[in-house]
Structures are given as structure tokens and as C-alpha cells.
Amino acid sequence: MLHIILFILKILGLLVLAVLGLVLAAALLILLVPVRYQAEGSYDGKVKGKARITWLLHILSVTAQFEEDLIVRVRIFGFRIGKPKKMDSELKEAEDIMVQAMEIMEPEPIRDAQEVKDEIHDRVKEEPKNLPPPKEELSNSTPPKEELRNPTPPKEEPKKKKGFRFMGVFEKLKKKVLRAFIKLKFFFLRICDTLRTIKDKKDEIYAWISNKENQKTGKLLFRQVKRLIRHILPRRGKGNITFGFDDPYLTGQVLTYASVIYPLCHKHLNLYPVFDQTVFTVEGTFRGRIRMATVLLIGSRMLLDKNFRRLLKGWLHKGGIA
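Since the structure is predicted, the reported quantities are computational estimates derived from the model, not experimental observations.

**A short note on the overall build of the protein chain**
Move 1: Summing up its helical and strand segments, the protein chain has 10 helices and 9 strands in all.
Move 2: Here the protein chain holds 322 residues, and 9% of them are scored as buried.
Move 3: For the protein chain, contacts bridging at least 24 residues in sequence account for 56% of all contacts bridging at least 6.
Move 4: Here the protein chain displays about 28,700 Å² of accessible surface, and carbon together with sulfur accounts for 66% of that area.

Written out as C-alpha cells, the structure is:
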């Protein structure tokens, strides 16, 4: 009996180890195997382009192509998942479906009640409009005989004296002047408060910059962001730009401005100026890869910094995020 229990425990242990091994292998594949991307495109009056993202020897592949419509294809182990999706046509279909869904069909009882209501409304409109007013309205409209015989004269309002009128104008003017002075006082106080807050923030910013711990954190952040951008940017690529205008002077000016940044990308970009006609064409290809382990390593390097964690926590609390 004991050896049966041990045998069952042995099998369960092997199953647990196998599951853990699969989970570890999947985690290592996700972290260490890079996601590769490549794209190519051109512009010659119309935009054309194609991009592909692959992972783990093309086990997962996503291709997007744009000429007139955007077509997306997804493949797993070489098998296409679904049909090629035309994104523009699908957006139009989704819009039509939403319009049809908004047009809710009314049930028959509500429709019959609406028809009866419209019919009554039409009949009321067809009735003659010149009908005698009711008796109550006539009785209310005719005044009694006593009022006709002895009409009461209207009461004369007492005339206001000119002195009182002058004092009222003076009081109103006085209130307006006091109100203007109060507004001006609050305006100057607001300006003083704004200048004081600016001064406080200036001192706070200067104190933050002059702190040695913050300087170390800033340098570390700059290095890690630079490393992340260098990792994400394409490693290989080539592009050609042909441009020109009817005015050779304008073409020369654009070429002068482009020469400022051209030394930074001359290995991957070619410029072809044309001085006798208006033309603009672009074509290029590039490829690169993103490894998840590198991205996590850069993020963890920042989170291991104690001062960065303190600053991040304070910023999140100030931003209203728990």
C-alpha cells in the first residue's frame, strides 16, 4: 500500500516539475527571443507600405500592407488565422452595423397608439376655429355695473424730492468707487501671490536640481533612456529622398537646412536634390528588433534606485494616483 502512495506522489511530482519546466521555458522564450520588425514604403503621389512583425522563427507573424486599403494578416506556425482583414472596409461595415442598431424597431402596440394620436391631432386641426368663447370667459371679461358707474380714479404717486434723488445718485457713485477699489486691491494681491508662488517654486526647483542625489538620478535616467532608444531604433535601413522645386534658390535653401542633420544619418539616408522641376518622392526600408529582457532590465535598473522610487512615489501621489 505504501509503495502505491509513493508511486502516485512520484508521478504528481514529475507532473509539477514538467509544468514548472514549461512555464520557465515559456518565460525564457518571451524574455530572450527578440521580436523582429521590418518595414518598407514609398511615396510617389500615393502612399504604399508594408510592415511585418515576427517572433521565434516566424512561429508568430503579423503582416500589414497598405496600398488602397490596410490589409492585416496573422499567421501562427505558418497557418493563417482567419481571412485577410481589410481595416477600412471593416470600419465602414462596423459603422453601418451601428447605424442599423440605433434604428430600433418599435413594437406594434406603440405604433398603433402613435397612429391613433396622429389621427386625433389631424381631426382637431380640421375643426372650425371661429367658435364663440365659453360663458365663463364672457363673464370674466365684462366688468360689473357698479364699476362702470363709479370708476375709481388712479392713485397718483407721490413726487420724489430732488434732494433725495441727488443723495441716491451720490450713494450709488460712492458704492461703485468702493467696489472698484476693492477689485483693484484683490487684483494686486493676486499678482503678489502669483509672484510669491513663482519665487517659492523657483527656490524649490533650484533646491531639487542642486541636490546631489537628484543629480545622480537624473544622470542615471538619461543613460537608461538613451540605452532604451538605441535598443528600439532600427539597426539596418536605407532611404532615398528626392525633392525639388521650380525655383533653384528655394531648393538650395531646403538643402542647406537639411545639411544640418544630414551628417547624423548619412549612412542610412540619401538626398537627391532636383533644381529644375517640382518633385518629391520617398522610398526606404528598415529593420530592427526588441528584446523584452533588455526593456525589463532597463526598467528594473531605474526601480532599484532608492531616490528614483521616492521621487516616483511622490509624483504619483501628487498626480492623484494611489
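More follows now that the structure is in view.
**Observations regarding the pairing of strand E4 (residues 70-76)**
Move 1: Here 7 bridges tie strand E3 (residues 60-66) to E4, and the two strands are oriented antiparallel to one another. Bridge assignment links Gln65 to a residue of E4, and that residue is Ile71.
Move 2: Between E3 and E4, which pair antiparallel and follow one another directly, the connecting turn spans 3 residues.
Move 3: By the bridge criterion, 2 bridges tie E4 to strand E5 (residues 79-80) in an arrangement that is antiparallel. Looking across to E5, one finds that Arg75 is bridged to Arg80.
Move 4: In this antiparallel pair of consecutive strands, E4 and E5, the connection spans 2 residues, and Phe77 shows a positive phi of 55°.

**Brief notes about the pairing of E3**
Move 1: Relative to E3, strand E2 (residues 47-55) runs antiparallel, the two being bridged by 7 bridges. For Thr54, the partnering residue across the bridge sits in E3 and is Ser61.
Move 2: The turn linking E2 back onto E3 is made up of 4 residues, and Leu56 within it adopts a positive phi angle of 60°.

**A short note on a positive patch on the surface**
Move 1: Side chains of Lys172, Lys175, Lys176, Arg179 and Lys183 sit close together on the surface and give a patch of like positive charge.
Move 2: Here Lys176 is to be found in helix H6 (residues 162-210).

**Brief notes about the environment of Ser259**
Move 1: Among the secondary structure elements, Ser259 is positioned in helix H8 (residues 248-265).
Move 2: For Ser259, a relative accessible area of 43% corresponds to the partly exposed category.
Move 3: Each C-alpha atom of the pair Ser259 and Leu271 lies 9.7 Å from the other, and the pair is 12 residues apart in sequence.

**Comments concerning unusual backbone geometry**
Move 1: Within the chain, Leu56 stands out as a residue other than glycine whose phi angle is a positive 60°.
Move 2: Within the secondary structure, Leu56 is located in the loop between E2 and E3.
Move 3: Here the phi dihedral of Leu57 falls at roughly 55°; this positive angle occurs in a residue that is not glycine.
Move 4: Among the secondary structure elements, Leu57 is positioned in the loop between E2 and E3.

**Looking at the packing of helix H1 (residues 2-32) against helix H9 (residues 292-303)**
Move 1: Interaxial distance between H1 and H9 falls to 5 Å at its minimum, and their mutual angle equals 80°. Relative to H9, the element H1 is oriented roughly perpendicular. Residues Ile30, Leu31 and Leu32 of H1 touch H9, and the partners they reach there are Met292, Ala293 and Leu296.

Calculation criteria
Residues numbered from 1 in each chain as written. Predicted model: local features only at pLDDT ≥ 70, side-chain atom pairs only at ≥ 80, totals over all residues. Heavy atoms only, no water. Helix = DSSP H or I, 4+ residues; strand = E, 2+ residues; numbered from the N terminus. Buried < 20%, exposed > 50% of the residue type's maximum accessible area, 1.4 Å probe, protein only. Contact = heavy atoms within 4.5 Å. Areas by Shrake-Rupley, 256 points an atom, 1.4 Å probe, with all protein chains shown as cover. Pairing = 2+ DSSP bridges. Patch = residues over 30% accessible without salt bridge, like charges linked within 9 Å, V, L, I, M, F, W, Y side chains within 5 Å. Salt bridge = Lys/Arg side-chain N within 4 Å of Asp/Glu carboxyl O. Lys, Arg positive; Asp, Glu negative; His and termini not counted. Charge placed at Lys NZ, Arg CZ, Asp CG, Glu CD. Axes fitted to C-alpha atoms, helices over the stretch in contact; angles between N-to-C directions. Parallel < 35°, antiparallel > 145°, perpendicular 65-115°, else oblique.

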